[in-house]
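Survey of secondary and tertiary structure
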Amino acid sequence: MTEEEVHGVHDYVADPRNADVLISVNGALKRREEAVVSVFDSGYLLGDGVWEGLRVLDGGVAFWPEHLKRLYAGAKTIDMDIGLTREELTARLMECLKANGMQDGVHIRLMVTRGIKKTPYQGPRFTIGKATIVIIPEYKTPVPDVQARGVNLFTVHVRRTGPAEQDQKLNSHSKLNCIMACIQADKAGADEALMLDPAGFVATGNSTHFFIVRDGEVWTSPPEYCLGGITRGNILRVCREAGIPAVEKRFSLFDVYSADEAFITGTFAGVTPVREVDGRVIEHLDGPVSQRIRALYKALQARSLTPIA
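Counting restarts for each chain, with residues numbered from 1 along the sequence as it is written. The predicted origin of the model limits local features to residues at a pLDDT of at least 70 and limits the giving and counting of side-chain atom pairs to 80 or more, whereas totals for whole chains, interfaces and linings rest on all residues. Here the side-chain values reflect all heavy atoms present in the structure, with hydrogen atoms and water set aside.

Our next topic: the packing of helix H2 (residues 64-77) against helix H3 (residues 86-99). Between H2 and H3, the least distance of the axes is 12 Å, while the angle of their chain directions is 120°. By the angle between their axes, H2 is oblique relative to H3. The two elements H2 and H3 cross, and the hand of that crossing is right-handed. Where H2 abuts H3, its residues Trp64, Leu68, Leu71 and Tyr72 lie against Arg86, Leu89, Thr90 and Leu93. For this scheme, ten residues count as nonpolar: Ala, Val, Leu, Ile, Met, Phe, Trp, Tyr, Cys and Pro. Four count as charged, namely Asp, Glu, Lys and Arg, and the remainder, Gly too, count as polar. Counted by class, the contact of H2 with H3 contains six nonpolar, one polar and one charged residues. Axis definition: a line fitted to C-alpha atoms, over the contacting stretch in the case of helices. Angles run 0 to 180 degrees between N-to-C directions. Numbering goes from the N terminus for both helices and strands, where a helix is a DSSP run of H or I of at least four residues and a strand is a run of E of at least two. Should an angle fall under 35 degrees it is taken as roughly parallel, and over 145 as roughly antiparallel, whereas 65 to 115 is taken as roughly perpendicular and any remaining angle as oblique. What makes a crossing left-handed is the near helix being turned counterclockwise from the far one by less than a right angle; a clockwise turn instead makes it right-handed. Here, two residues are considered to be in contact whenever any of their heavy atoms come within 4.5 Å of each other.

In this section: the environment of glutamine 184. Here glutamine 184 shows up in helix H5 (residues 176-187). Residues glutamine 184 and isoleucine 128 lie 56 residues apart in sequence; the distance between their C-alpha atoms is 38 Å. Beyond its immediate sequence surroundings of up to four residues, glutamine 184 is in contact with Phe154, Val156, His157 and Val158.

In this model, H2 (14 residues) spans 20 Å end to end at C-alpha, consistent with the 20 Å of a helix rising 1.5 Å per residue. Burial classification: accessible surface area is computed with a 1.4 Å probe over protein chains only, and a residue below 20% of its type maximum counts as buried, one above 50% as exposed, and the rest as partly exposed. Where H2 is concerned, the buried positions are Trp64, His67, Leu68, Arg70, Leu71, Tyr72, Gly74 and Ala75. Considering only its buried residues, H2 is in contact with strand E3 (49-57), strand E4 (60-61), H3, strand E5 (106-113), helix H6 (230-241) and strand E18 (306-307). Phi turns positive one or two residues past the end of H2, at aspartate 79, with a value near 60°. Given the number of residues in a helix, its expected span is that number minus one, multiplied by 1.5 Å.

Salt bridges are counted wherever a side-chain nitrogen of Lys or Arg sits within 4 Å of a carboxyl oxygen of Asp or Glu. What the rule picks out here adds up to 15 salt bridges. A salt bridge links arginine 31 to glutamate 33; the nearest nitrogen and oxygen atoms lie 3.0 Å apart. Classification of arginine 31 as partly exposed rests on a relative accessible area of 34%. Here glutamate 33 falls in the exposed class, since its relative accessible area comes to 53%. Of the charged contacts in the structure, one is a salt bridge between arginine 250 and aspartate 197, with a shortest N-O distance of 3.2 Å. Placement of arginine 250 in the loop between strand E14 (246-248) and helix H7 (253-257) and of aspartate 197 in the loop between strand E10 (192-196) and strand E11 (202-205) is noted, with a sequence separation of 53 residues between them. Taking the relative accessible area as the measure of exposure, arginine 250 reaches 42% and is therefore partly exposed.

Taking 1.5 Å of rise per residue, the twelve residues of H6 would be expected to cover 16 Å, and the 16 Å separating its terminal C-alpha atoms lies within 8% of that figure. Every buried residue of H6 is accounted for by Ile230, Thr231, Arg232, Asn234, Ile235, Leu236, Val238 and Cys239. One or two steps after H6, the chain reaches glycine 243, where phi turns positive at roughly 80°.

Structure below.
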């Protein structure tokens, strides 16, 4: 598939400026072809690390304190020392953005892995040196056609696990279950996978959170089987502040197929309407509740910006 072929919520408009962006690798600014890590890095060997996706708009980073809190909570959970204070990491992020002259329309992947291993083995005690911190900023604008036509979801057999297996609150580099779900959705010709929890209730998308609207009420799954999404939480927040009934509850595909509206959420594209699920066309594409929520979210996002300084 080429970049020109639109397929999915994470597709973006190609931007030639990305050929020249500077990437921060442990504080050193490198061109794309020079931005490398060791084959002995824990992230490469084992997927051992945590990460955040960030959006830069109108001269600021959206919801930066919330992302920072989640990053450090994840690092503490896997007993990993990031090696920088929150203030130091913020300064490094801002340095990277300023070096690139970036102010708007940017998506960032901020990655922290446990660091270099002295030999390929999973035990953290075999790690030598400090954590590896990489910041990749790119000019990325969602493809307008995706928003206009909505996305097509396919329910996959790969389930979201609970805390006894791998806690889904961890935004870890280990994403193989989501990758397997994505592959199945791709093979089915869908834009995104819809994943269920172990009991067969709706959990989340493979890379987004999922919401439905029924009789004016907004539903999303409870938090046990999905990432603690920043956008997900902010959608619930704007709904409640605006008096839109919004609940976290278990619901099945029966409720999805007969929903009035449906949408997915994420840092990159915000609120994206769902056109169909498993061949069932959702009654209203980008209906009035979805449109109102998108407007409320964009307003909150604009108020959330941490200035690039």
